[in-house]
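Analysis of the macromolecular model
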Amino acid sequence: MTSTSTGPRAGRREWTAFVVLMLPLLLVSMDVSVLYFAVPAISRELHPSSTQQLWIFDIYAFALAGLLITMGALGDRFGRRKLLLFGAAAFGAASVAAAYAQSAEMLIAARAVLGIGGATLMPSTMALVRNLFLDERQRAKAIAIWSSAMAGGIALGSVLSGVMIEHFWWGSVFLINVPAMVLLLALVPLLVPEFKDPAPGPFDLPSVPLSMAAVLPVIYGLKKIAADNGVGLVPVLSIVAGLAIGAVFVRRQRARRDAMISPELFHHRGFGPSIALNALATFAMMGSAYFTTQYLQSVLGKGPLEAALWSLAPSVCVGIAGPVAAAAVQRGANRAYVIGAGFVTAAIGYGILALAGTDALWTVLIGAAVLASGIVAVMSLVTDMAIGTVPPKRAGSAAALLETGQEFGGAMGMAVLGSVGTAVYRGDVKDALGAGLPADALDQVRETLGAAAAVAGSLKGRTGEHLLDTAREAFTHGMRIACGAGAVVLVAGAILALVTLRRVGAEDAGPAVEEAASPDAPSPDAASTDALSTGTLSTGAASVGAAGTADGGEAVPSR
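Residues numbered from 1 in each chain as written. Predicted model: local features only at pLDDT ≥ 70, side-chain atom pairs only at ≥ 80, totals over all residues. Heavy atoms only, no water.

1. Regarding the packing of helix H13 (residues 315–330) against helix H15 (residues 361–388)
Where H13 contacts H15, the two axes come as close as 8 Å, and the packing angle between them is 45°. Looking at the two axes, H13 sits oblique to H15. Crossing of H13 against H15: the hand is right-handed. From H13, Cys317, Val318, Ala321, Gly322, Ala325, Ala326 and Val329 reach across to H15, where they touch Ala369, Ala372, Ser373, Val376, Ala377, Ser380 and Leu381. Grouping the amino acids of the contact of H13 with H15 by side-chain chemistry returns 11 nonpolar, three polar and no charged. (Axes fitted to C-alpha atoms, helices over the stretch in contact; angles between N-to-C directions. Helix = DSSP H or I, 4+ residues; strand = E, 2+ residues; numbered from the N terminus. Parallel < 35°, antiparallel > 145°, perpendicular 65-115°, else oblique. Left-handed = near helix turned anticlockwise from the far one by under 90°. Contact = heavy atoms within 4.5 Å. Nonpolar A, V, L, I, M, F, W, Y, C, P; charged D, E, K, R; others polar.)

2. Section: the pattern of salt bridges
Throughout the structure, instances matching the rule amount to two salt bridges. A salt bridge links Arg335 to Asp384; its shortest N-O distance comes to 3.6 Å. Of this pair, Arg335 sits in helix H14 (residues 335–353) while Asp384 sits in helix H15; the two residues are 49 residues apart in sequence, bridging distant segments of the chain. The same class applies to Arg335 as to Asp384, namely buried. One salt bridge connects Arg480 with Glu473, and the closest N-O pair in it is separated by 3.3 Å. (Salt bridge = Lys/Arg side-chain N within 4 Å of Asp/Glu carboxyl O. Buried < 20%, exposed > 50% of the residue type's maximum accessible area, 1.4 Å probe, protein only.)

3. Regarding the nonpolar core
One finds Leu107, Trp146, Trp170, Tyr350 and Ile375 to be the most contacted residues of the largest nonpolar core, which totals 140 residues. Setting aside residues no more than four positions away along its own chain, Trp146 makes contact with Phe18, Met22, Leu25, Met122, Thr125, Met126, Val129 and Glu403. (Core = buried A, V, L, I, M, F, W, Y, C linked by side-chain atoms within 4.5 Å.)

4. Focus on a nonpolar patch on the surface
A cluster of nonpolar residues, Val96, Tyr100, Phe168 and Trp169, forms a patch on the protein surface that exposes about 410 Å² of accessible area. Structurally, Tyr100 can be placed in the loop between helix H4 (80–99) and helix H5 (104–132). (Patch = residues over 30% accessible without salt bridge, like charges linked within 9 Å, V, L, I, M, F, W, Y side chains within 5 Å. Areas by Shrake-Rupley, 256 points an atom, 1.4 Å probe, with all protein chains shown as cover.)

This is the structure we're talking about:
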């Protein structure tokens, strides 16, 4: 059965608004990688300690992950456009502060504000896409483009960083954000109507620190495992503490009528699996990036900018994967089978990567392209399912949950697959070089491939070449094993998608009234009456209430 239209079709105004909403999406995803090439220049000018350098990188991700749930709930209650504009102003101001930071402490503070701004921008943009596109086909297409742009933004950020550093000073990588944010502040009030829950109830303030205390220790523990290339007592205790607080947070949400994360979101059978499958897709994406970026630079010996440019090549396939998957579902393909096929495609990509030797540029690029295409297809479909099947008034919270799951999945991918690859690397290096190097040099070589290259550079003649060749072969062996493990995980993801989603459809959820997306929309009461009279239904928002009455669920559109 082909996909059916469930609401009025968006016109030129809505699509123009969508293009404007892509600006914050690109910038927030780019800021994940924009510092990759700026570190040496920052070290020369600001002289950060090793701890400060770590915080310059990580504070952005911590602030972003910790506040996503809170910001999604705030947008639902007080207005998604309003929160988007606040986030854009904060993001632009923090970008200027970061660009002209005079100390490591000032840069860390600016990056923290950037993370706060990013936490407001991400769920707001996704929720507004839900509100702008009431037609199921158009929304699926928009979310497919949204998912592709987010994946491409990370790669684009590293390339722009390299170009800017090559021609300007290190702070210029942050000034890229400013014109886009000014444009956003000017155009959003003109093109994007306001949407919010018409009767949100009181805000559950105690859940804010609870949600942060649940998310941040887990993210920290996973990042610590990835950074230390192994499991230690501190990260394990951190993860356990976060999970324990998370259980308290979930219990509170289930017991309160004014919960930040309403149990209503999970009334549709596809919502929970969508969150899990999206996290699993991010696991695979970030797990592969951990190896491919190092492979291009440390194994093939390419410079940072050249490696970044080569890493853009897979984006050609990524750009079409999401729309193709959405089109397949709209033409009658079962969503569960298409998502399963996306996971299998990504697993094949991992399989291609597992064939790479120490001089296999095209094998790695093809494998990365196939993997990323499958992952983006999965992410676009599960995002559309999660956002399209919740009551419109809960779209911000649903988007925040999706993106929080992505943060967990990405951190887990780097921690788990990175640890697998590192364990193989260390074992191979010890077996091959253990008897031929002093203990302190062997310890350095076993840490990372980069450290091995530094030690090899200090040795003369054939000894250094042999050490570097051995380290590169050990890293590639570790990558192959980790990619094999990743392929197994993705096949399990395909099976999970088939089991949990095969029977999921719009009939699993009760009707919910869609809000109008027009800037000239009628008042809430009139919109509700019109929607009910024409039989407009959401893609599958949950019915609630013991008596089985449908939740109206319309947000308040206003100018």
